[in-house]
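These are the residues of each chain, in order.
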Amino acid sequence: MRTGKGVEWAMHTLLNLAWLGDGEPVTTAQLAAAHDLSASYLNKQLQLLVKAGLLESVPGSRGGFRLARPLEAMSALDVVLAVEGDEPLFRCTEIRQCGTIGERCPEARFAGPCPVRVAMGRAEAAWRKALAEQSLADVQAAADAQAPAVSARTRQAFGRD
């Protein structure tokens, strides 16, 4: 399963906002600069996170973005769905019913769901379940365990120390 870079950018942004811990809004430019990202592309991801209820957009000269809810209430699947959408990853076009094989094997035409579609659907369901079971708080805890100073360093990077 492949996701675009927007998912990675969105997850890191949510983690950074959590590490800041003060609930103060952060501008797109500041969030993008933290990882040398394109501010215009990141802003598209941020707007998707707002639409999904993961971020709040605060208007005004001192505005920006802040978490809409705690990381414990956000799953990795929430982020993927916000950025990538809810379309199935695999689309079966029933090629088993087409061409010379479809003509020579008519019993395959209506013998139930396509086994390829079933197999791919099972894999996608397992992938979604695994993402749904991981809160962003779990991801944050793993990052904290790997780099105990990440929270303090993030606050320093944003001038919040």
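Every chain is numbered independently, its residues counted from 1 as its sequence is written. The model is predicted, so local features are restricted to residues of pLDDT at least 70 and side-chain atom pairs to those at 80 or more, both for listing and for counting; the totals for chains, interfaces and linings are taken over all residues. Hydrogens and waters are ignored; side-chain quantities use all the structure's heavy atoms.

**Brief notes about the overall build of the protein**
Labels follow the DSSP assignment, with helices taken as runs of H or I lasting at least four residues and strands as runs of E lasting at least two, numbered in each case from the N terminus. For the protein, the helix and strand inventory stands at 8 helices and 2 strands. From first element to last, N terminus to C terminus, the protein shows the α and β order α-α-α-β-β-α-α-α-α-α. Only C-alpha atoms enter the radius of gyration, while the globule expectation follows 2.2 Å times N to the 0.38, with N the number of residues. Its C-alpha atoms give the protein a radius of gyration of 21 Å, clearly above 15 Å, the size a compact globule of 161 residues would have. Along the first, second and third principal axes, the C-alpha atoms of the protein reach 70 × 35 × 25 Å. For each residue, the accessible area found with a 1.4 Å probe, counting protein chains only, is set against the maximum for its type, and the residue is called buried under 20%, exposed over 50%, and partly exposed in between. Considering the protein as a whole, with its 161 residues, one finds that 32% of them fall into the buried category. Relative to all contacts within the protein whose residues are 6 or more apart in sequence, the contacts with residues 24 or more apart total 68%. Note on areas: Shrake-Rupley, 1.4 Å probe, and residue coverage restricted to the protein chains presented here. Carbon and sulfur atoms form 54% of the exposed surface of the protein, whose accessible area is close to 9,600 Å². As used throughout, the charge tally considers Lys and Arg to be positive and Asp and Glu to be negative, leaving His and the chain termini uncounted. For the purpose of locating charges, the reference atoms are NZ of Lys, CZ of Arg, CG of Asp and CD of Glu. Taken together, the 18 basic and 18 acidic charged side chains of the protein have centroids lying 5 Å from each other. Here, two residues are considered to be in contact whenever any of their heavy atoms come within 4.5 Å of each other.

**Some thoughts on the pairing of strand S2 (residues 64-67)**
One requirement defines pairing of two strands: DSSP has to find at least two bridges between them. Two strands pair when backbone bridges link them, and strand S1 (residues 55-58) and S2 are joined in this way by 4 bridges, in the antiparallel orientation. Looking at the pairing, Val58 lines up with Gly64 of S2. With antiparallel pairing between neighbouring strands as the criterion, S1 and S2 make up a hairpin whose turn holds 5 residues, including Gly60 at a positive phi of roughly 105°.

**A closer look at the packing of aromatic side chains**
Note on aromatic pairs: each is described by the distance of the centres and the angle between the planes. The criterion for an aromatic pair is that two Phe, Tyr or Trp rings (for Trp, the six-membered ring) have centres within 6.5 Å, with stacked assigned to planes under 30 degrees apart, edge-to-face to planes over 60 apart and tilted to the rest. What the rule picks out here adds up to 1 aromatic pair. Where Trp9 meets Tyr41, the ring centres are 4.9 Å apart and the plane angle is 90°; that geometry is what we call edge-to-face. In this pair, Trp9 is assigned in helix H1 (residues 5-20) and Tyr41 in helix H3 (residues 39-51), connecting sequence segments 32 residues apart. A relative accessible area of 12% means that Trp9 is categorised as buried. Residue classification places Tyr41 among the partly exposed residues on the basis of a relative accessible area of 29%. Of note, Lys5 hangs over the ring of Tyr41, and the distance from its end group to the ring centre comes to 5.2 Å. Only when the NZ of Lys or the CZ of Arg is both within 6 Å of the ring centre and within 35 degrees of the ring normal is a charge said to sit over the ring.

**As for the nonpolar core**
Leu31, Leu49 and Val79 are the most contacted members of the largest nonpolar core, which has 32 residues in total. Of all the elements in the fold, those that place two or more residues in this core are H1, helix H2 (28-33), H3, helix H4 (76-84) and helix H7 (136-146). Counting residues per element, this core draws most heavily on H1, at 10 residues. When sequence neighbours within four positions are dropped, the list of residues in contact with Leu49 reads Ala10, Leu14, Leu54, Leu55, Val79, Ala82 and Val83. For this analysis, a nonpolar core means a set of buried residues of the types Ala, Val, Leu, Ile, Met, Phe, Trp, Tyr and Cys, connected via side-chain atoms within 4.5 Å.

**Re unusual backbone geometry**
Unusually for a residue other than glycine, Asp36 sits at a positive phi of about 55°. With respect to the helices and strands, the residue Asp36 is situated in the loop between H2 and H3.

**So, the packing of H1 against H4**
Angular values range over 0 to 180 degrees, each being the angle between N-to-C directions of two axes fitted as lines to C-alpha atoms, with helices fitted over their stretch in contact. H4 packs onto H1 with a crossing angle of 130° between their chain directions and a minimal axis gap of 9 Å. Classified by the interaxial angle, the pair formed by H1 and H4 is oblique. In this structure, H1 meets H4 at a crossing whose hand is right-handed. Contact residues: H1 offers Gly6, Val7, Ala10, Met11 and Leu14, while H4 offers Ala76, Val79, Val80, Val83 and Glu84. Residues of the contact of H1 with H4, tallied by class, amount to 8 nonpolar, 1 polar and 1 charged. Here is the rule for angles: anything less than 35 degrees is roughly parallel, anything more than 145 is roughly antiparallel, 65 through 115 is roughly perpendicular, and the remaining ranges are oblique. With the far helix as reference, a near helix turned anticlockwise by less than a right angle produces a left-handed crossing, and one turned clockwise produces a right-handed crossing. Any residue that is not Ala, Val, Leu, Ile, Met, Phe, Trp, Tyr, Cys, Pro, Asp, Glu, Lys or Arg is counted as polar, Gly included; the first ten are nonpolar and the last four charged.

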